[in-house]
Amino acid sequence: MDAEMTDDHVYLSLAEAGPEPEGEARWAYGTGFTDPLLGVDTALPAGVDGADLAVYCQLLGDDALVLSQRLIEWVTCAPELEEEVALANLGLDLLGQARHLLTRAGQADGSGRTEDDFAYLREEQEFRNVRLVELPNGDFAECVARLLLFATARHALYERLATHPDRVLAAVAARSVKELAYHIEYAGSWLLRLGDGTELSARRMQAALDALWPWLDELFTPHEVELRLGVDPSELREPVLASLAAMIAEATLAVPTAQPRAFVNGRGGRHGVHTEALGPLLAELQVVARAHPGATW
Amino acid sequence: MTATDSGERALEDRFEAVVGADQRVEPRDWMPEAYRATLVRQIAQHAHSEIIGMQPEGNWLTRAPSLRRKAILLAKAQDEAGHGLYLYAAAETLGVDRAELTEKLIDGRQKYSSIFNYPTLTFADVGVIGWLVDGAAICNQVPLCRCSYGPYARAMVRICKEESFHQRQGYELLMTLMRGTEAQRAMVQDAVDRWWWPSLMMFGPPDGDSPNTERSMAWRIKRHTNDELRQRFVDMTVPQAQHLGVTLPDPALAWNEERGGWDFGEPDWSELKQVIKGNGPCNAERVERRRAAHEDGAWVREAALAHAEKKRRSAQ
């Protein structure tokens with residue numbers, strides 16, 4: 001029997017790796033974290049306020065983290081296996097972006113807080129994501145609509161941030177812009193299939209756009225920190241709306257005309273005033289980490 | 001003897017010669033109907049297992065207690081969906097289609113690995129599934145990289161490489177937890193207690209009670225008997241458990257100097273039979289979730305087909 005098993009090369013290579021494979025480069029395959037930014041200068045550039053930069057990194061990082069959590073809820077529920085793979089892939093991209101940004105936030109404000117401190121130990125009011133990303137999932141058309149709106153706006157932003165004086169933020173943006181280009185392509189291809197598919201799918205795709213459109217404008221509404229850092233998102237409104245309108249027209253659908261959702265005393269997600277959907281999302285995300293204070297995972 | 005009979009005999013002789021010489025049978029080659037049917041059943045069951053197997057771990061995706069663990073688990077779920085895709089594609093080379101196999105899964109006409117009918121109750125289960133369940137799957141699947149049917153063998157090479165990453169990730173999680181708090185160590189031991197016996201049952205019934213083994217081995221679809229693989233798994237796992245510092249829940253576990261392997265107790269085969277019959281802790285829920293995803297997604301698949309048809313027509 002032994003002789004016959006000798007060419008079981010995969011098994012042998014596993015056994016040879018020994019029981020404690022830490023430090024092996026290929027080991028956490030597909031989940032690499034520190035590598036892409038290795039060697040990037042983490043010193044704060046002159047003229048950039050660390051506290052402001054930290055808040056800004058949380059705005060962007062929380063958007064990515066919360067949308068990633070919503071995409072993760074699709075796992076095992078997608079309409080086709082190809083979509084299982086794709087949605088998990090988009091979720092991983094966003095999770096990776098969130099990890100870089102939240103880590104940068106902890107460096108920039110000098111607090112030394114880790115990505116996990118930000119994700120697991122802040123309260124709901126301390127999360128700064130736009131409300132669009134926290135809304136409950138809805139059907140596949142809503143998944144497509146949200147991805148499309150978010151990715152189109154975020155891609156336009158990251159194109160600009162790729163030349164930001166903060167080298168870390170610029171590196172994250174440069175890397176993410178490629179990922180978001182694929183997100184737009186993915187969501188755009190489904191917008192077209194659903195919009196120009198069956199009568200039912202067209203109706204659902206239109207309804208999804210109509211439902212999510214009023215939440216889009218928050219992505220273009222500047223927070224005071226954005227203005228101080230010179231990254232005013234209202235400049236994105238026009239190009240992003242034009243790009244969305246073109247894709248929606250190609251899908252034989254109508255650009256929604258609904259007005260943006262109002263804030264609460266002038267405050268929305270960027271100021272920690274969220275919808276009712278964020279609390280349960282965070283309760284689930286944080287429950288294990290909070291049940292074991294100080295534990296390492 | 002008729003001409004057809006002798007023609008058939010010649011094809012069968014050639015098939016036996018190819019298999020006997022450890023060469024690969026490819027989709028266009030002649031093959032006995034029973035060989036084809038056995039492969040379809042096995043590959044479909046394997047594909048279904050990848051897809052259903054996403055559920056128990058998926059249960060912890062939204063609650064993973066660090067972002068790194070969340071990313072690792074999400075990458076694993078993505079790999080599993082990918083494995084399902086390769087395996088359904090391998091099955092399709094035998095003349096069936098994925099939609100038909102999915103229907104059979106959700107109607108209960110085809111099975112998946114019974115291990116996925118057990119619940120995942122703590123985050124340590126994620127690590128134990130990686131270590132024990134993926135470990136057992138690797139023992140089962142590595143020999144399939146040399147299976148006589150080419151497309152299946154090639155799919156298995158890729159799948160086994162990724163499975164080995166998953167196993168190491170699971171083990172590394174457990175090592176981390178064992179170095180952690182008292183509560184984390186207790187969580188690991190509890191998970192090992194629950195998953196050990198079901199993992200041993202992943203190799204199927206004892207050899208004396210496994211009617212298809214002999215023929216599958218002759219066809220080189222299967223390379224080792226259930227009991228051989230089970231022994232190999234135990235021998236591989238015991239030292240890992242010792243290194244980890246957990247106790248495997250089997251008082252009969254003892255090193256046998258004479259045969260150079262570990263003696264171990266008898267799994268509860270009556271429980272396995274109940275789980276296979278559909279009475280396991282999660283059978284109904286696993287299939288129901290798969291059914292719901294499939295049915296809820298029907299309008300999306302129909303739209304994609306309708307759109308492709310429109311494009312095809314306008315291109316004409």
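Rules of the game
Residues numbered from 1 in each chain as written. Chains lettered and ligands numbered in written order. Predicted model: local features only at pLDDT ≥ 70, side-chain atom pairs only at ≥ 80, totals over all residues. Heavy atoms only, no water. Helix = DSSP H or I, 4+ residues; strand = E, 2+ residues; numbered from the N terminus. Buried < 20%, exposed > 50% of the residue type's maximum accessible area, 1.4 Å probe, protein only. Contact = heavy atoms within 4.5 Å. Areas by Shrake-Rupley, 256 points an atom, 1.4 Å probe, with all protein chains shown as cover. pLDDT = per-residue confidence, 0-100. Buried area = accessible area lost by both parts, 1.4 Å probe. Salt bridge = Lys/Arg side-chain N within 4 Å of Asp/Glu carboxyl O. Polar contact = N/O pair within 3.5 Å; in protein donor to acceptor, adjacent residues only side chain to side chain. Nonpolar A, V, L, I, M, F, W, Y, C, P; charged D, E, K, R; others polar. Expected span 1.5 Å × (residues − 1). Bend = angle between axes of the 7 residues up to and from the residue. Core = buried A, V, L, I, M, F, W, Y, C linked by side-chain atoms within 4.5 Å. Phe/Tyr/Trp six-rings, centres within 6.5 Å; stacked < 30°, edge-to-face > 60°. Lys NZ or Arg CZ within 6 Å of the ring centre and 35° of its normal.

## Regarding the overall build of chain A
Reasoning step 1: Across its full length, chain A carries 11 helices and zero strands.
Reasoning step 2: Residues counted as buried form 54% of the 297 residues belonging to chain A.
Reasoning step 3: Taking the intrachain contacts of chain A between residues at least 6 apart in sequence as the baseline, contacts between residues at least 24 apart amount to 80%.
Reasoning step 4: Carbon and sulfur atoms make up 53% of the accessible area of chain A, which amounts to about 12,200 Å² in all.

## Digging into the confidence of the model for chain B
Reasoning step 1: Looking at chain B, the pLDDT average stands at 94 and 99% of residues meet or exceed 70.
Reasoning step 2: Here the complex is predicted with pTM 0.93, and the ipTM for its interfaces comes to 0.94.

## Digging into unusual backbone geometry
Residues and elements named next belong to chain A.
Reasoning step 1: Backbone geometry places threonine 76, a non-glycine residue, at a positive phi of 75°.
Reasoning step 2: Residue threonine 76 is classed as buried on the basis of its relative accessible area of 8%.
Reasoning step 3: Positive phi, close to 50°, is recorded for asparagine 265, a residue that is not glycine.

## Section: the interface of chain A and chain B
Reasoning step 1: Taken together, the 68 residues of chain A in the interface contact 67 residues of chain B.
Reasoning step 2: Each partner contributes to the roughly 6,400 Å² buried at the junction of chain A and chain B, and carbon and sulfur atoms together form 68% of this total.
Reasoning step 3: Connecting chain A to chain B are three salt bridges.
Reasoning step 4: Among the salt bridges present, the one from Arg98(B) reaches Glu80(A), with a minimum N-O distance of 3.0 Å.
Reasoning step 5: The interface formed by chain A and chain B holds 16 residue pairs in polar contact (both at pLDDT 80 or more) in total.
Reasoning step 6: Top contributing element to the side of chain A that touches chain B by residue count: helix α4 (residues 81-108) of chain A, with 11 residues.
Reasoning step 7: Within the side of chain A that touches chain B, the residues separate by chemical class into 37 nonpolar, 12 polar and 19 charged.

## Some remarks on the pattern of salt bridges
Side chains that differ in sign of charge can pair as their charged atoms come close.
Reasoning step 1: Per the counting criterion, the structure on display carries 36 salt bridges over all chains.
Reasoning step 2: Between Glu73(A) and Arg70(A) there is a salt bridge, with its nearest N and O atoms 2.8 Å apart.
Reasoning step 3: Under the relative-accessibility criterion, Arg70(A) is labelled buried at 7%.
Reasoning step 4: Where Arg291(B) meets Glu288(B), a salt bridge forms, and the shortest distance between an N and an O atom there is 3.5 Å. Of this pair, Arg291(B) and Glu288(B) both sit in helix α12 (residues 283-296), three residues apart, which is roughly one turn of that helix.
Reasoning step 5: Residues participating in the shared-partner salt-bridge network are Asp63(A), Arg154(A) and Arg270(A).

## A look at the environment of Arg204(A)
Reasoning step 1: Within the fold, Arg204(A) resides in helix α8 (residues 199-212).
Reasoning step 2: Overall, Arg204(A) belongs to the partly exposed group, its relative accessible area being 31%.
Reasoning step 3: Each C-alpha atom of the pair Arg204(A) and Asp139(A) lies 8.5 Å from the other, and the pair is 65 residues apart in sequence.
Reasoning step 4: In this structure Arg204(A) touches Asp139(A), Ala141(A) and Trp299(B), once residues within four positions along its chain are discounted.

## Notes on helix α8 (residues 182-201) of chain B
Residue and element names in this part refer to chain B.
Reasoning step 1: Between its terminal C-alpha atoms α8 stretches 30 Å, which fits the 28 Å expected from 20 residues at 1.5 Å a residue.
Reasoning step 2: Taking the largest bend as the criterion, α8 deviates by roughly 35°, centred on tryptophan 195, and proline proline 198 comes between one and four positions later.
Reasoning step 3: Looking only at α8, the buried set comprises Gln184, Met187, Val188, Ala191, Val192, Trp195, Trp196, Trp197, Pro198, Ser199, Leu200 and Met201.

## Things to note about the nonpolar core
Reasoning step 1: If you look at the biggest cluster of nonpolar residues, it comprises 187 residues, and the most contacted ones within it are Tyr56(A), Phe140(A), Leu191(A), Leu194(A), Met205(A), Trp131(B) and Tyr149(B).
Reasoning step 2: It is helix α6 (residues 140-161) of chain A that provides the largest number of residues to this core, a total of 15 residues.
Reasoning step 3: For Tyr56(A), the contacting residues outside a window of four places in its chain are Leu157(A), Leu161(A), Leu169(A), Val225(A), Glu226(A), Leu229(A) and Val231(A).

## Overview of the packing of aromatic side chains
Reasoning step 1: Evaluation of the coordinates by the stated rule reveals 13 aromatic pairs over all chains.
Reasoning step 2: Seen in terms of ring centroids, Phe15(B) and Tyr35(B) are 4.8 Å apart; in terms of plane orientation they differ by 75°. Their pairing is edge-to-face. Of the two residues, Phe15(B) sits in helix α1 (residues 3-20) while Tyr35(B) sits in helix α2 (residues 33-52), which places them 20 residues apart along the sequence. Tyr35(B) carries the same exposure label as Phe15(B), and that label is buried.
Reasoning step 3: Ring geometry for Trp60(B) against Phe123(B): centres 6.3 Å apart, planes inclined by 75°, an arrangement best described as edge-to-face. Taken together, the residues Trp60(B) in the loop between α3 (54-58) and α4 (67-92) and Phe123(B) in the loop between α5 (98-106) and α6 (124-141) connect sequence positions 63 residues apart.
Reasoning step 4: Site record: aromatic cluster; members linked through ring pairs are Phe15(B), Trp30(B), Tyr35(B) and Trp219(B).
Reasoning step 5: Above the face of the Phe127(A) ring, Arg122(A) is positioned so that its terminal group lies 4.2 Å from the ring centre.
Reasoning step 6: Above the face of the Trp190(A) ring, Arg193(A) is positioned so that its terminal group lies 4.5 Å from the ring centre.

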